[in-house]
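Examining the three-dimensional arrangement
Each chain, written out:
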Amino acid sequence: MVSRDDRLLAALIYIISFFTVFIGPLLIWLLQKDKSAFIDYHGREYLNFLISYTVYMIVASLLTIVLIGFLILPIIGIAAFIFTIIGAFKAYNGEEYRFPFIFRIL
């Protein structure tokens, strides 16, 4: 059973990403990963998500040259927003959430 504090900190990784995309989630993960496997899982998952969707945005930005990027960029942005909210809810409920379409690097 995951403690309430661990669930709250894991959800905070996703919520704080709306204000500080990289630094906030990274600090929470680095400071708490040794204390809880649940927070470690969600921290790794978020950072893999961030890396993957950054790559997708760069590729879509390059594709604006051939005009298809203008269609792909908003889709990626909306998907990232929705998946972040879903991740926060799942973490707060004590569930492990795997983002779709991401590279597992960390």
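Anyway, here's the lowdown on the structure attached to this text. The structure presented is a predicted model; accordingly, all values stated were derived computationally and were not measured.

Side note on the overall build of the chain
- The number of helices and strands found in the chain is 4 helices and 0 strands.
- Listing every helix and strand of the chain by position from the N terminus yields α-α-α-α.
- Looking at the 106 residues of the chain, the share that counts as buried comes to 38%.
- Sequence-distant contacts in the chain: of pairs separated by 6 or more residues, those separated by 24 or more amount to 68%.
- Averaging the locations of the 8 positively and 7 negatively charged side chains of the chain gives two centres separated by 3 Å.

Brief notes about the side chain of Asp40
- Mapped onto the elements, Asp40 comes out in helix H3 (residues 37-62).
- You can call Asp40 buried: its relative accessible area is 17%.
- For Asp40, the side chain forms a polar contact with the side chain of Trp29, separated by 2.9 Å.
- Once you skip the residues sitting within four places of it in the chain, Asp40 turns out to touch Trp29 and Lys33.

A short note on the packing of aromatic side chains
- Enumeration according to the criterion identifies 10 aromatic pairs in this entry.
- Between Tyr97 and Phe99 the ring centres are 5.0 Å apart and the planes differ by 75 degrees, which places this aromatic pair in the edge-to-face class. Each member of the pair, Tyr97 together with Phe99, is buried.
- Chaining the aromatic ring pairs together yields one cluster made of Tyr14, Tyr46, Phe49, Tyr53, Tyr56, Phe83, Tyr97, Phe99 and Phe103.
- It is Arg7 that lies over the ring of Tyr92; its NZ or CZ is 5.4 Å from the centre.

Here we look at the nonpolar core
- Ranked by internal contacts, the top residues of the largest apolar core, which has 23 residues, are Tyr14, Tyr46, Phe49, Tyr53, Phe83 and Phe99.
- With 8 residues, H3 is the largest single contributor of residues to this core.
- If near-sequence neighbours (up to four positions away) are discounted, Phe83 is found in contact with Phe49, Tyr53, Tyr97, Phe99 and Pro100.

Some words on the pattern of salt bridges
- Following the criterion strictly, the structure yields 3 salt bridges and no others.
- With its nearest N and O atoms 3.2 Å apart, the salt bridge here joins Arg44 to Asp40. In this pair, Arg44 and Asp40 are both assigned in helix H3, 4 residues apart and thus about one turn of the helix distant.
- Residue class for Arg44 comes out partly exposed when judged on its relative accessible area of 32%.
- Arg104 is paired through a salt bridge with Glu45; the nearest N and O atoms lie 2.8 Å apart.

Reading the values: rules and limits
Residues numbered from 1 in each chain as written. Predicted model: local features only at pLDDT ≥ 70, side-chain atom pairs only at ≥ 80, totals over all residues. Heavy atoms only, no water. Helix = DSSP H or I, 4+ residues; strand = E, 2+ residues; numbered from the N terminus. Buried < 20%, exposed > 50% of the residue type's maximum accessible area, 1.4 Å probe, protein only. Contact = heavy atoms within 4.5 Å. Lys, Arg positive; Asp, Glu negative; His and termini not counted. Charge placed at Lys NZ, Arg CZ, Asp CG, Glu CD. Polar contact = N/O pair within 3.5 Å; in protein donor to acceptor, adjacent residues only side chain to side chain. Phe/Tyr/Trp six-rings, centres within 6.5 Å; stacked < 30°, edge-to-face > 60°. Lys NZ or Arg CZ within 6 Å of the ring centre and 35° of its normal. Core = buried A, V, L, I, M, F, W, Y, C linked by side-chain atoms within 4.5 Å. Salt bridge = Lys/Arg side-chain N within 4 Å of Asp/Glu carboxyl O.

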